[in-house]
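# Commentary on secondary and tertiary structure
The chain contents come next:
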Amino acid sequence: MLAKVKSYALDGLVGYRVDTEVDINSGLPGYELVGLASTATKESKERVRSAMKNSGLLYPMKRITVNLAPADTKKEGSGFDLPIAIGLLAASEQIVNKKYKDFVFIGELGLDGKLRHVNGIMPLLLSAYQDGETRFVIPSQNAKEASFIEGIEVYAMDRLSDVVAFLSGVDYNPVPISSFASTCKVHGYGVDFCNVKGQSVAKRALEIAVSGGHNVLMIGPPGAGKTMLAKCVPTIMPDMNFQEAVEVTKIHSVSGILDPGVGIVTTRPFRTPHHTTTVPTLVGGGNKATPGEVSLAHNGVLFLDEMPEYSRRALETLRQPLEDRRVTVARVARTVEYPSNFMLIASMNPCPCGNYGSKTQVCKCSPQQIHNYVSKLSGPLLDRIDLQIEVDSVLYEEFRGKEKPETSAEVKARINRVRAIQAERFKDDGIRINAEMEANHLEKYCTLDQAGERLLQKAFDKLNLSARGTTRILKVARTIADIDGSQNIESKHIAEAIQYRGLDRKYNR
Amino acid sequence: MNTTKENKIVLALALVEELSIKKKRDLLSALPNPIDWTKESSFHVVESILGDKHANEFLTKLSSVDDSIEEMDKRQVGFVTFYDETYPEILRETYDFPLVLFTKGNTSLLNSDCIAVVGTRTPTRYGQKVCDSFTRDFARAGLTVVSGFARGVDSIARKACVMTDSPTIAVFACGLDVCYPAEHKGLLESILSSGGLLVSEYPLGTKPLQYHFPERNRIISGLSRGVFLPEATLKSGSLITARLAVEQGKELFIVPGNINSPESEGTNKLLQEMPHALVIDSEDVLSRLNVKAVSVDAEVVELNISETLVVDALHDKELHFEELLEITALSAGELSTLLMNLEINGIIEHTGGNFYCLA
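Residues numbered from 1 in each chain as written. Chains lettered and ligands numbered in written order. Predicted model: local features only at pLDDT ≥ 70, side-chain atom pairs only at ≥ 80, totals over all residues. Heavy atoms only, no water.

### A closer look at empty space enclosed by the protein
Leftover empty space is mapped by rolling, across the atoms, a probe with the size of a water molecule. All names here are of chain B. Following the criterion strictly, the structure yields 6 cavities of 30 Å³ or more and no others. For the second largest cavity, the full set of lining residues is Val-10, Leu-13, Ala-14, Ile-21, Lys-24, Arg-25, Phe-97, Pro-98, Leu-99, Val-100, Glu-201 and Arg-218. Contributions of two or more residues to the lining of the second largest cavity are made by α1 (5–15) and α2 (21–30). Residue classes in the lining of the second largest cavity are distributed as 8 nonpolar, no polar and 4 charged. (1 Å grid on protein atoms, 1.4 Å probe; cavity = no way out; pocket = protein on both sides within 12 Å on 5 of 7 lines; lining within 4 Å. Points joined across faces, edges and corners; volume = space filled by probe spheres on them. Helix = DSSP H or I, 4+ residues; strand = E, 2+ residues; numbered from the N terminus. Nonpolar A, V, L, I, M, F, W, Y, C, P; charged D, E, K, R; others polar.)

The following block contains the structure:
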């Protein structure tokens, strides 16, 4: 007898329908799985057999053929265990009710008949929902993740036997819808801007950076607090709305790093790949074309600590995601596109020993070594980093506790206001933030008055800045003017923007 | 062109690698006319002074001297021998003047009024400031600044010249096609583009060997009317230059330094020996050289209250951004703007980290 069970599989972040066809014929007992199944999918045979046996069901001792249609796409993952089991039960008439035809089944089986967690439930269900599917049976460990999707009926089950009971007519309650807002309240960041004492320059620069969506490079000796500052950045970024949270959750779900207890990503991601990271882990890849760190940091922060220590190749691959805010991962079997709209925060020591320019320590590096160290960062990459700030480790005990520094919430409120100004200005330009401005936008929105021009010229002469920094100074000045609530860029905004050309100023002397 | 027979012979001698200055001079005093060096009748003198190896190399270089000139032409490197009129008179007057100078750039500078600026490779802020401001004044007064091409004081002097768009002479301790230290490549080009001159006693391709540096120093002081020393350690090679300058009868100008600073130990010690070398401003130097100082009108900048607060606070020490924040009670953004304005107007300087001091 033949049975057909609906299921879904993932291609990147997009789910597509897979029909699991199970046919049982008389003949020598055997099991054939066709339809380009990957190893994990092929191994479902043993899991399904044991799970059925240990759930008190009969595994048909006949000739079994399973087809995963469409047959020409490679199927990944273990989510087909449940549909195959249901197909077997239906084909062997252990389930007589035709109710199963209304549902999409996704789930892995344990040998004891338990349903186990699968990755990527959120994107799978969303795609299925778009195709018009509304009723699902999934493992209960994935229930939370599915509960944020409105308009669908999800049944989360613990065991295969529960699914059988449900399909045979026993009543189960669908998963209740969870509220995103109340989930957000419970889960905070754990760090706050007010925990960082001193570092006024860096904090101001980071506020500007977040306001305008600029990337930041922090230069400073080890232990100066660069990482601490970077960790605080997500706390001052505007709260994620539901749409953004879903985007992030989809990526994290596919990568298997989603907390099943929460089911959705409520805080902006903060990713810190180690400097030995390879190109595929950074931008995505592997034979399954899985998302890389740039995508995991989507809508959040990608923090590269000790940037010059990363391989040149890895750093250069960041250029496309930084520019396009999405990354295309091409592999033999498939080409997948992942979003990668992140804010880059990088840190570096001023030289290999870390003490160049220090007041208290002696730098042991030769000028050549320092030059080599700094030139590991290529010009095109630095062109995408608008702010470069110096962070130093000098502790000023006398300043501690004198005045309570601002909390992240206060800073965030200001940033929200500045973001609104930008959204209003760019509403017809197809961009959202100052950092995204191109040459034509600069011409339109970043005109300088005479005083500003003169100041810029003087700064170039006096401080020996490199000319390629002009556009970045203009972009940052635009953001500073927005923070100031000023329509035009005035010379004081330019002056402050020049302050944040730390790399030029430190090494161009 | 200066390609007379004598010139070619002297050039061939200069092209002989690793031949000591002393031997060249001995040869010149034994046979004052270079034509004799190639004559068979007197060649045994050449052999006995230079040694067989170098004498043979001399002949080889002589036979291919036209190729060498062509090769130098290709790289825009010229040469001046002591026979030439363009050879700087002031250098010829010294005891051990080089027979040949290889040049690249504006050779007319060789006969201009020159002053040498030499000193430590790791100057303190004080040394940097003194070197920069004195050099600028020298350049403005029309003196050509001569120095080595090393790090530290040398490169600050060069940059000061490039910034004031004044020509300068750099004396190399290696061939003119070798850039040492390598990170000064950009500086090298800016020297040439601002009408400067590169000079070396060594043929193309010569590496910067240790003993070249003291030899090079005699050319630096030899080309100049005086030697200015902003800062030097006890072991500094610039002390050699200073002593050579005194031997050559040149003026020596030394700025007193902090007695606790190792970077000033050398200069302070020299001052003890030669108190008359002490100078405290660039006019001291210029008046002793009988050069008229050219003053520049400083731009008058009016300061507002906060700016005055900052400038007052910085008058005797450098301060951190956080401290200035405390003093001025401004926001971080406002203070950044204020500091940048002061910096652009040349009133304060950013000294690394987030520290500031008066310029």
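Next, the rest of the story.
### Overview of the domain arrangement of chain B
Interfaces are often described in size by the accessible area the parts lose on coming together. Assigned domains within chain B: domain 1 (1–74), domain 2 (108–288) and domain 3 (305–358). Distance from the C-alpha centre of domain 1 of chain B to the C-alpha centre of domain 3 of chain B: 62 Å. (Domains from an automatic or database assignment.)

### Overview of the sheet that holds strand β1 (residues 78–81) of chain B
All names here are of chain B. Strand order in the open sheet formed by 8 strands is β1-β2-β6-β5-β4-β3-β7-β8, with mixed pairing between adjacent strands. Bordering the open sheet on either side are β1 and β8 (251–254), each of which pairs with just one other strand. Within the sheet, the average angular offset between the axes of one strand and its neighbour, ignoring direction, is 25°. Note that strand β5 (residues 168–172) and strand β6 (residues 197–200) share 4 bridges and pair parallel. By the bridge assignment, Phe-172 is partnered in β6 with Ser-200. Sheet strands touched by helix α8 (residues 125–140): β3 (114–117), β4 (144–147) and β7 (226–229). Its angle to β3, the strand with the most contacts, is close to 175°. (Pairing = 2+ DSSP bridges. Axes fitted to C-alpha atoms, helices over the stretch in contact; angles between N-to-C directions. Contact = heavy atoms within 4.5 Å.)

### A word on the packing of aromatic side chains
Tallied over the full model, the rule gives 17 aromatic pairs over all chains. Measuring from centroid to centroid gives 5.8 Å for Phe-270 of chain A and Phe-303 of chain A, while their planes differ by 25°, and the two rings are stacked. Residue Phe-270 of chain A is found in strand β11 (residues 270–271), and its partner Phe-303 of chain A is found in strand β14 (residues 301–304); the two are separated by 33 residues along the sequence. For Phe-270 of chain A, a relative accessible area of 23% puts it in the partly exposed group. Residue placement shows Lys-99 of chain A over the ring face of Phe-166 of chain A; its charged tip is 4.0 Å from the ring centre. The ring of Phe-213 of chain B carries Arg-121 of chain B above its face, with NZ or CZ at 5.6 Å from the centroid. (Phe/Tyr/Trp six-rings, centres within 6.5 Å; stacked < 30°, edge-to-face > 60°. Buried < 20%, exposed > 50% of the residue type's maximum accessible area, 1.4 Å probe, protein only. Lys NZ or Arg CZ within 6 Å of the ring centre and 35° of its normal.)

### Here we look at the pattern of salt bridges
Enumeration according to the criterion identifies 41 salt bridges over all chains in this entry. A salt bridge links Lys-427 of chain A to Glu-424 of chain A; its shortest N-O distance comes to 3.0 Å. Neither Lys-427 of chain A nor Glu-424 of chain A differs from the other in exposure class; each is exposed. In this structure, Arg-125 of chain B engages Glu-349 of chain B in a salt bridge whose closest nitrogen and oxygen atoms are separated by 2.4 Å. Note that Arg-125 of chain B is positioned in helix α8 and Glu-349 of chain B in strand β10 (residues 348–350), a separation of 224 residues in sequence. Overall, the relative accessible area of 29% leaves Arg-125 of chain B in the partly exposed class. Glu-349 of chain B gets classed as partly exposed once you look at its relative accessible area, which sits at 23%. Among the charged side chains, a network of salt bridges with common partners joins Lys-6, Arg-17, Asp-19 and Glu-133 of chain A. (Salt bridge = Lys/Arg side-chain N within 4 Å of Asp/Glu carboxyl O.)

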